[in-house]
Amino acid sequence: MVATGALGAVGVAAVAWPFINNLNPAADTLALSSIDVNVQPIAVGQAITVKWRGKPVFIRHRTPEDIKAAEAVPMSELPDPQTDNARVTDTAKKVRPEWLIMIGICTHLGCVPLGNKPGQDKGPYDGWYCPCHGSAYDTSGRIRKGPAPKNLEIPDYLFTSDSLVRIG
Amino acid sequence: MASSHGTPPVFNNKVIAWIDHRLPVFSYLEKEYHTFPTPRNFNYFWNFGAIATVMLVLMIATGVVLATNYTPHVLMAFDSVERIDRDVPQGWLIRDLHMNGASFFFIAVYIHIFRGMYYGSYKAPRELLWILGVIIFLLMMATAFMGYVLPWGQMSFWGATVITNLFSAIPVVGESITTWLWGGFAIDNPTLNRFYALHYLLPFIIVAVVALHVIALHVHGSNNPLGIDPKGPQDTVPFHPYYTMKDGFGVVVFLIIYAGFTFFAPDYMGHPDNYIPANPLVTPEHIVPEWYFLPFYAILRAIPDKLGGVLAMFGAIAVLFVLPWLDTSRVRSATFRPIYKWFMLVLVVDVVVLGFCGANPPAGFWIPLSQLATVYYFFHFLILLPILGKIERPLPLPPSIADAVLKKKAA
């Protein structure tokens, strides 16, 4: 009796699974899950936004002042403590402090923060500022003030050469 | 003629009799919509079920016609809607009817829900009728949410982003569920396509649940403003012609107001940002849903914690499911509940306040106001209703409906 029921349940699951898995990302979506970006044209102090997996990715070529300011922040001042060093390390463990690569989505409710385009408000910490509910990020993209719970997310990236970075 | 449904009616028309003997649609209509004994003291609040049904049919009709010209692809959706507006004959009209029809469908349903809450229509033996209604409401919200994404404007895209992102608040499986929902790593073509498929499907599920809703209603018949059961034929009138005509009149008045907006202010209830094509790299200054979602949006944002906000928002609808058991009063209608009557009106004010909170950015005094209004909302359902039913002294109920109606006439 129990065996019949168990086998029946397995049968239902076997029928249901293709229908449910069908809704997961398709092959063409997954193929775009890695992109290569040439960062050589980005001057010091400049930033670009690229689209990766449907989301904006901020790539900022940081100035020495940006880096110094980021490294000087004590962990106690950070709602989501993280060293600047940890945020500029690629998947091969190489640290390039001049390249800050982050997913440009506010960790609060998903707006795209300002500060990546010239002329945009960089907010009180000279990094990025989300106009939706006032979250302010510093020059390392860490949350300093406002409702966002986490720092701007760092995706997996790898510098395949000094000018080419693979994101994802 | 062995039938288990009592004496079959006699039809003079031979064709009708032939059909009815094989598929008793005509005797069904005769019983349920002609002779059906309905309380004689309905007020105009009782029109809104019929009005909601008319709106459902209208939405399906306009929707199917729009579907003949709409393209559910991120590169073509926005333009296909513009083409409907500009090039397709009377496309602008069908589109505006569908767009404003959604708003008016919710207006009718919100008034219908208010009637249920004020007059105790959710109380025994109509608990399941009420629950079916809440299910219809949920299905409507899902349908409307997905429908709003289809034009692929800025508000379509970003509103959908905010709401689908909520699922990532679920611990452990949240991210995977969100990816599965999206069919990708963000809202993109797979999402648009599946929202279109589901938006087309859900209204027909709504029709099925509405059918169950009406069947459940006809088991014990309608409630009435006095909240007391009909005791005999002196308390009721046949549904036709009294309520076919009254409903018909109410529907026409409702449609006039609906037509007023559709023809003279079609974009009044919408957001201008939705006429900007969706851009995943640019967030609009303020992301707001359509007006009918604003109170729930306010509750969502009132709780500073992401998961907490999600639970509160779904909780606000979950309390509706258990309302028949939260309210301990033995008296149905607020007419005879002098204290509850005022709290019911305060709840309406509270929901309107929540609506305004949802429309404004969560800054300044809007934050504590939305938190206060959210707390009050849950206080009403979870604390006030259980207690009030036990301590309130209701007014004496009239002996019967006919009695109350005739006394009113004599007065």
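Values in this document were obtained by computation on a predicted structure and should not be read as measured data.

What about the overall build of chain A?
Then step 1. From N to C terminus, chain A includes four helices and nine strands.
Then step 2. What you see in chain A, going N to C, is helices and strands ordered as α-α-β-β-β-α-α-β-β-β-β-β-β.
Then step 3. A compact globule built from 168 residues would reach a C-alpha radius of gyration of about 15 Å, whereas chain A, at 21 Å, exceeds it by more than 25%.
Then step 4. Dimensions of chain A, computed from C-alpha atoms along their principal axes, come out at roughly 75 × 35 × 30 Å.
Then step 5. Among the 168 residues that make up chain A, the fraction classed as buried is 32%.

Thoughts on the pairing of strand β9 (residues 164–167) of chain A
Working note: regular strand, side chains alternate between the two faces of the sheet.
All names here are of chain A.
Then step 1. Where burial is concerned, the two faces of β9 differ: the one with V165 and I167 is buried and the one with L164 and R166 is not.
Then step 2. Strand direction decides the pairing type here: strand β8 (residues 157–159) and β9, joined by three bridges, are antiparallel. Directly across from Y157, in β9, lies its bridge partner I167.
Then step 3. The hairpin turn running from β8 into β9, its antiparallel successor, is four residues long.

Here's the deal with helix α4 (residues 77–86) of chain B
One full turn of an α-helix is made of 3.6 residues, so residues set three or four places apart face in the same direction.
All names here are of chain B.
Then step 1. Taken together, the buried positions of α4 are occupied by A77, F78, V81 and I84. All buried residues of α4 lie within an arc of 120 degrees about the axis, which places them on one face of the element.
Then step 2. Close packing links the buried residues of α4 with α3 (48–67), α5 (91–118) and α9 (189–220).

Some details on the packing of α3(B) against α5(B)
All names here are of chain B.
Then step 1. Look at α3 against α5: their axes get within 9 Å of each other, and the N-to-C directions meet at 155 degrees. One way to sum up the angle between α3 and α5 is to call them roughly antiparallel. Remark: the crossing between α3 and α5 carries left-handed chirality.
Then step 2. Class assignment of the residues belonging to the contact of α3 with α5 gives a composition of 17 nonpolar, six polar and two charged.

Quick notes on unusual backbone geometry
All names here are of chain B.
Then step 1. Omega for the bond connecting A124 with P125 falls within 30 degrees of zero, at 0 degrees, which places this linkage in the cis form.
Then step 2. Looking at where P125 falls in the secondary structure, it is placed in the loop between α5 and α6 (127–149).
Then step 3. At the junction of H240 and P241, the peptide bond is cis and its omega measures out at 10 degrees in the coordinates.
Then step 4. In this structure, P241 sits in helix α10 (residues 239–264).

Re the nonpolar core
Then step 1. Residues I101(A), A52(B), M55(B), F105(B) and A108(B) are the most contacted members of the largest nonpolar core, which totals 77 residues.
Then step 2. Top contributing element to this core by residue count: α5(B), with ten residues.
Then step 3. Apart from the residues within four sequence positions on either side, F105(B) is in contact with A52(B), M55(B), L56(B), M59(B) and M140(B).
Then step 4. In terms of nonpolar packing, the next biggest core, distinct from the first, is built from 16 residues, A298(B), L300(B), L354(B) and C357(B) among them.

Side note on the sheet that holds strand β1 (residues 35–38) of chain A
All names here are of chain A.
Then step 1. Across the sheet, three strands lie side by side as β1-β9-β8; this open sheet has antiparallel pairing. Sheet topology places β1 and β8 at the edges, where each strand pairs with a single neighbour. When strand polarity is set aside, the average angle formed by the axes of neighbouring strands in this sheet is 25 degrees.

Overview of α10(B)
Residue and element names in this part refer to chain B.
Then step 1. With 26 residues, α10 extends 35 Å from end C-alpha to end C-alpha; this agrees with the ideal 38 Å at 1.5 Å per step.
Then step 2. Residues of α10 that are buried include every one of F239, Y243, D247, F254, Y258 and T262, and no others.
Then step 3. Considering only its buried residues, α10 is in contact with α2 (25–34), β1 (37–39), α3, α5 and β2 (236–238).

A short note on the interface of chain B and chain A
Interfaces are often sized by the amount of accessible area the parts lose when they come together.
Then step 1. Residue-level contacts link 20 residues of chain B with 19 residues of chain A.
Then step 2. Among the elements of the structure, α7 (154–165), α8 (174–182) and α9 of chain B are those that each provide at least two residues to the side of chain B that touches chain A.
Then step 3. Ranked by residues supplied to the side of chain B that touches chain A, first place goes to α7(B) with three residues.
Then step 4. Its residues assigned to classes, the side of chain B that touches chain A shows eleven nonpolar, six polar and three charged.

A word on the packing of α6(B) against α7(B)
Residues and elements named next belong to chain B.
Then step 1. Contact geometry for α6 and α7: axes closest at 8 Å, N-to-C directions at 135 degrees. The pairing of α6 with α7 is recorded here as oblique in orientation. Every residue of α7 that contacts α6 at F145, Y148 and V149 is listed here: S156, G159, A160 and I163.

Considerations on the sheet that holds strand β2 (residues 47–52) of chain A
All names here are of chain A.
Then step 1. Read from one edge to the other, the open sheet built from three strands follows the order β2-β3-β4, with strand pairing classed as antiparallel. Looking along the sheet, the strands with just one partner apiece sit at the ends: β2 and β4 (99–103). With strand direction ignored, the average angle separating the axes of adjacent strands in the sheet is 20 degrees.
Then step 2. In the sheet, β2 pairs with strand β3 (residues 55–61) via six bridges, with the strands oriented antiparallel. The residue of β3 that forms the bridge with A47 is R60.

Topic: the confidence of the model for chain A
Then step 1. The predicted model of chain A averages 91 in pLDDT, with 100% of residues at 70 or higher.
Then step 2. Helix α2 (residues 27–31) of chain A is the least confidently modelled element of chain A, averaging 84 in pLDDT, while β4(A) averages 95, the highest of any element.

Thoughts on the environment of R87(A)
Residue and element names in this part refer to chain A.
Then step 1. Tracing the backbone shows R87 in helix α4 (residues 84–87).
Then step 2. By the C-beta count within 10 Å, which is 20 here, R87 ends up buried.
Then step 3. Beyond its immediate sequence surroundings of up to four residues, R87 is in contact with Q82, S140, G141 and I154.

What counts and how
Residues numbered from 1 in each chain as written. Chains lettered and ligands numbered in written order. Predicted model: local features only at pLDDT ≥ 70, side-chain atom pairs only at ≥ 80, totals over all residues. Helix = DSSP H or I, 4+ residues; strand = E, 2+ residues; numbered from the N terminus. Rg over C-alpha atoms; globule rule 2.2 N^0.38 Å. Buried ≥ 20, exposed ≤ 12 C-beta atoms within 10 Å, placed from the backbone. Pairing = 2+ DSSP bridges. Arc of directions from axis to C-beta. Contact = placed C-beta atoms within 7 Å. Axes fitted to C-alpha atoms, helices over the stretch in contact; angles between N-to-C directions. Parallel < 35°, antiparallel > 145°, perpendicular 65-115°, else oblique. Left-handed = near helix turned anticlockwise from the far one by under 90°. Nonpolar A, V, L, I, M, F, W, Y, C, P; charged D, E, K, R; others polar. Core = buried A, V, L, I, M, F, W, Y, C linked by C-beta atoms within 7 Å. Expected span 1.5 Å × (residues − 1). pLDDT = per-residue confidence, 0-100.

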